[in-house]
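# Chains, contacts and geometry: an overview
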Amino acid sequence: MTTPADVSLLPWWRRLAGRIDMRLLPAAATVWLATLLGIDLGWAWTLVCGFACGAMAVTVLATHPPVLPPRRPPTVRVAAWAVLVCGVVTAVWTGARLHHQAGNPLADMARRSESVRLRVQLTDLPKPIVSAGFAGRPGGVRSVLIPADALAVTEEWGTNARPADGPVLLIAPTRGWRNLLRGQQADASGELTVPLPSSSGDAPVAVLRVRGPPSAVTPPSLAQRLAEDLRRGLRTAAAGLPDGVHGLLPAIVVGDRTQVDQSTLEDFRLAGSDYLMAVGGLHFMVVCGAVLWLLRRIGVGPRTCAVVTGFVLVCFAEVAGGEPNVLRAGIMVGVGLLALATGRARSAGSALAGSVIVLTLWRPEFATDVGFALSVVATGGMLLLARPTAQALERRGVPAGIAELLAIAVVAQLATAPVIAAAYGQVSVPSLLANALVEPAFVPAMLVGALAMVCAAVWPWLAAVIAHVTVPELEWLRLVAHRTARLPGTSISWPTGWLGGVALAAAVVATVVALRFRRLRALMAAVLVGVFVVVVPVKVFAPGWPPTGWAMVDCDVGQGDGEVLSTGQPGRDVVVDTGPDEEGIDDCLNTLDARRIPLVILSHLHADHVGGLAAVLRDWPVGAVAVGPSRVPGWAWTQVIGEAAAARVPLVELAVGQRLSWPGLTLDVLGPV
């Protein structure tokens with residue numbers, strides 16, 4: 001028997017293995033890797049990886065003979081059987097799905113920009129597109145984005161609908177579309193276009209630019225009507241809050257950002273806190289954790305706790321929208337909480353791995369979704385390290401409740417930092433501190449807001465009173481985001497891809513290990529002081545130009561427009577419009593050290609967009625000048641023709657649906673028709 005003293009001397013990885021069941025981890029890695037390879041390299045790679053992992057599992061089973069009952073099967077055999085089953089299922093099931101998606105007829109129709117009528121089923125609530133005012137025209141919401149699944153397609157002037165499938169994205173006018181709910185079916189007419197590349201893993205097979213209102217709309221389900229009533233009740237209860245925070249309450253409770261002003265959204269984004277306004281794992285942890293704590297306080301048994309907590313999780317996911325990303329986050333958190341509720345904390349590791357397997361088989365696109373990876377590593381980090389971190393803080397005098405909140409915030413930030421760095425090439429320095437400051441205020445604000453939402457269905461007056469309790473917390477959230485967003489040098493550039501992610505993960509692990517030793521802590525403190533004293537002022541007061549890894553530069557050309565887009569190749573940049581004269585665009589390109597211009601795009605022929613074309617054609621090698629269908633004003637068109645001919649540069653016309661690609665840049669022509 002191992003005594004407590006012996007346990008304290010065990011290596012940390014053996015203590016973790018004894019606390020968390022990791023037998024399904026190899027199977028989850030098999031499913032994830034096979035699906036990822038199939039999406040990135042082709043469906044055949046899913047078959048190769050799945051069957052190869054299955055073959056390795058068979059080899060392991062052959063070298064580890066079974067143990068006769070009543071002894072427990074060894075961990076190695078359980079893990080090998082899981083890999084064998086999951087490898088074969090992934091190869092067959094996911095491989096067939098990816099093969100079908102590779103030849104989806106909707107994708108072919110989108111490449112031809114065909115006009116069609118689609119029968120769709122909404123998979124998420126319509127999201128408003130806020131447009132700015134222009135030329136005296138007021139801004140506002142005139143269109144919405146609607147994720148949906150295609151059910152049937154009818155070609156233009158056709159009468160026979162044929163089955164269709166695959167996710168699509170509708171860009172629709174607000175009239176008739178804005179108030180539709182998830183699960184409703186409708187007919188949409190418009191033009192299919194190719195979707196933009198997406199790093200989130202959920203790119204649709206086609207985008208439909210909808211003309212006119214929907215037709216043949218089915219009624220929403222009872223559950224969706226109830227969910228919309230709750231969301232509307234929360235918006236009504238929050239309407240009486242002070243300006244600036246009245247839109248924050250629906251945003252942090254159910255992810256409804258429609259009432260949040262653009263400046264506040266930008267502050268939260270720059271501060272790295274915009275995840276508070278997108279329903280994810282933290283939201284489910286707060287809601288379900290509060291329910292679980294309350295049930296335990298009143299003496300409810302483990303199984304009843306599990307059932308009630310699971311019911312609350314499903315209801316909250318429905319109110320929050322129920323789209324795949326919300327369900328993904330809910331399942332990730334639910335498996336851990338339910339394992340704890342039933343008194344089987346050790347099975348939380350297998351529950352997490354099992355949820356990865358189920359979700360990846362259900363939605364293969366999750367394998368390339370950055371949000372999915374963030375959910376997995378954040379949940380895994382909290383399962384492994386949140387409790388030891390909270391205990392360490394408590395030993396240093398931090399109150400128990402605050403220690404748990406700080407531990408969750410710190411562990412989640414450290415666990416997800418390598419994924420964020422690998423995906424986006426940035427490490428936010430103050431976001432860790434900012435999120436540690438806002439989460440203690442976010443938790444009560446969200447819980448009180450959820451209570452107000454429930455009360456709004458019966459007592460709207462009481463919901464309005466309860467909503468006012470959240471004002472101090474909401475003001476604190478906005479203040480922290482506002483101050484953090486205005487700190488200079490808030491992020492550090494970092495290499496993207498696997499190399500950057502592994503490098504930052506190694507740095508995080510080394511930092512955590514070093515903090516366990518007093519002398520190394522002193523050395524790290526000295527290094528950090530040196531970094532902040534030397535590096536940060538240099539980055540703040542003498543930033544390099546252009547910034548490393550720049551993607552787009554808005555040139556100072558005065559009245560008009562002049563943009564430079566990086567192609568990912570040093571010195572080769574695309575120019576969009578050239579401003580009113582030669583000097584502005586000329587100085588901008590010289591500052592950017594441009595050496596070759598593959599393409600100059602003229603969005604239209606107004607003088608403040610084409611005036612600097614002559615300088616670009618004269619001073620740099622230009623591959624082509626691209627224009628749209630407009631030929632007015634006539635004098636400008638004549639001038640563009642003459643300047644292009646004098647420089648012996650071809651003049652080309654772009655059409656809707658065309659795609660232009662470089663290693664680091666993809667341009668899709670969206671209009672005009």
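The rules behind each value
Residues numbered from 1 in each chain as written. Predicted model: local features only at pLDDT ≥ 70, side-chain atom pairs only at ≥ 80, totals over all residues. Heavy atoms only, no water. Salt bridge = Lys/Arg side-chain N within 4 Å of Asp/Glu carboxyl O. Helix = DSSP H or I, 4+ residues; strand = E, 2+ residues; numbered from the N terminus. Buried < 20%, exposed > 50% of the residue type's maximum accessible area, 1.4 Å probe, protein only. Pairing = 2+ DSSP bridges. Axes fitted to C-alpha atoms, helices over the stretch in contact; angles between N-to-C directions. Disulfide = S-S within 2.5 Å. Lys, Arg positive; Asp, Glu negative; His and termini not counted. Contact = heavy atoms within 4.5 Å. Core = buried A, V, L, I, M, F, W, Y, C linked by side-chain atoms within 4.5 Å. pLDDT = per-residue confidence, 0-100. Parallel < 35°, antiparallel > 145°, perpendicular 65-115°, else oblique. Left-handed = near helix turned anticlockwise from the far one by under 90°. Nonpolar A, V, L, I, M, F, W, Y, C, P; charged D, E, K, R; others polar. Expected span 1.5 Å × (residues − 1). Bend = angle between axes of the 7 residues up to and from the residue. Polar contact = N/O pair within 3.5 Å; in protein donor to acceptor, adjacent residues only side chain to side chain.

Attention shifts here to the pattern of salt bridges. Across all of its chains, the model carries 17 salt bridges by this definition. The partner of R478 in a salt bridge is E475, and the shortest N-O contact between them spans 3.3 Å. Here the residue R478 and the residue E475 both occupy positions in helix α18 (residues 471-485), the gap between them amounting to 3 residues, near one helical turn. With relative accessibility at 29%, the residue E475 sits in the partly exposed group. Through salt bridges with shared partners, a single network forms among E228, D229, R231, R232, R235 and D256.

With that out of the way, let us pick up the pairing of strand β5 (residues 167-173). The two faces of β5 differ: V168, L170 and A172 on one face are buried, but P167, L169, I171 and P173 on the other face are not. Bridging between β5 and strand β7 (residues 206-210) involves 4 bridges; their strand directions are parallel. Each residue of the ladder has a partner; that of V168, found in β7, is A206.

Here we take up the pairing of strand β16 (residues 659-662). In β16, alternate side chains face the same way, and those of L660 and W662 are buried while those of R659 and S661 on the opposite face are not. In this sheet, strand β17 (residues 665-668) lies alongside β16 in antiparallel orientation, the contact comprising 4 bridges. Directly across from R659, in β17, lies its bridge partner D668. Here β16 folds back onto β17, and the loop between the two strands holds 2 residues.

Further remarks concern the sheet that holds strand β11 (residues 562-569). Reading across the sheet, the 6 strands line up as β10-β11-β12-β13-β14-β15 and stay open at both edges, with mixed pairing between neighbours. Each edge of the open sheet is held by one strand with a lone partner, namely β10 (552-554) and β15 (651-653). Neighbouring strand axes in the sheet, compared pairwise and without regard to direction, differ in orientation by 20° on average. Where strand β12 (residues 572-578) and strand β13 (residues 600-602) come together, 2 bridges link them in parallel fashion. The residue of β13 that forms the bridge with V576 is I601.

For the coordinates displayed, the defined rule picks out 1 disulfide. Disulfide pairing is shown between C555 and C588; the S-S distance is 2.0 Å. The sign of the S-S torsion, about -65°, decides the handedness of the disulfide formed by C555 and C588: left-handed. Within this pair, whereas C555 is found in the loop between β10 and β11, its partner C588 is found in helix α21 (residues 582-591), the two being separated by 33 residues in sequence.

Moving on to the side chain of D586. Along the chain, D586 turns up in helix α21. Despite its burial, D586 pairs with no opposite charge; the closest candidate is R618, at 5.1 Å N-O. Leaving out residues up to four positions away in the same chain, D586 has contacts with A615, D619 and W620.

Membership of the largest hydrophobic core comes to 51 residues, with the highest contact counts inside it found for V253, F442, L474 and L477. In terms of residue count, the dominant contributor to this core is helix α16 (residues 431-456) (12 residues). Once you skip the residues sitting within four places of it in the chain, L477 turns out to touch I252, F268, L276, V438, A441 and F442. Formed by 27 residues, the second largest nonpolar core is a distinct cluster that contains V557, V600, L605 and W620.

With 81% of its residues at a pLDDT of at least 70, the protein reaches an overall mean of 78. Ranking the elements of the protein by mean pLDDT puts helix α1 (residues 4-9) last with 42 and β13 first with 94. Note that residues 1-13 has pLDDT below 50 and, in this model, 4 contacts with residues that lie over four places away or in other chains. A low-confidence stretch, residues 132-138 (pLDDT under 50), is modelled with 4 contacts involving residues beyond four sequence positions or located in other chains.

At a closest axis distance of 8 Å, the pairing of helix α9 (residues 262-270) and α18 adopts a crossing angle of 65°. The orientation of α9 with respect to α18, classified from their angle, is roughly perpendicular. α9 and α18 meet at a crossing whose hand is left-handed. Contacts from T264, D267, F268 and L270 of α9 reach α18 at L477, R478, A481, H482 and A485. Here the residues of the contact of α9 with α18 are counted per class, giving 5 nonpolar, 2 polar and 2 charged.

Of note, the bond from V632 into P633 is cis; its omega dihedral lies within 30 degrees of zero at 0°. The phi dihedral of S113 falls on the positive side, at around 55°, and the residue is not glycine. Secondary-structure assignment places S113 in the loop between α6 (105-111) and β1 (115-122). Classification of S113 by relative accessible area gives buried; the value is 14%. Unusually for a residue other than glycine, D593 sits at a positive phi of about 60°.

Next up on the list: helix α14 (residues 370-395). Spanning 26 residues, α14 covers 35 Å between terminal C-alpha atoms, matching the ideal 38 Å at 1.5 Å per step. Roughly 50° is the biggest bend found in α14, and it falls at L385, with proline P388 one to four residues downstream.

This part covers the side chain of R119. Here R119 is to be found in strand β1. A polar atom in the side chain of R119 sits 2.6 Å from the backbone oxygen of A216. Setting aside residues no more than four positions away along its own chain, R119 makes contact with D149, A150, L151, A152, Q185, A186, D187, S215, A216 and T218.

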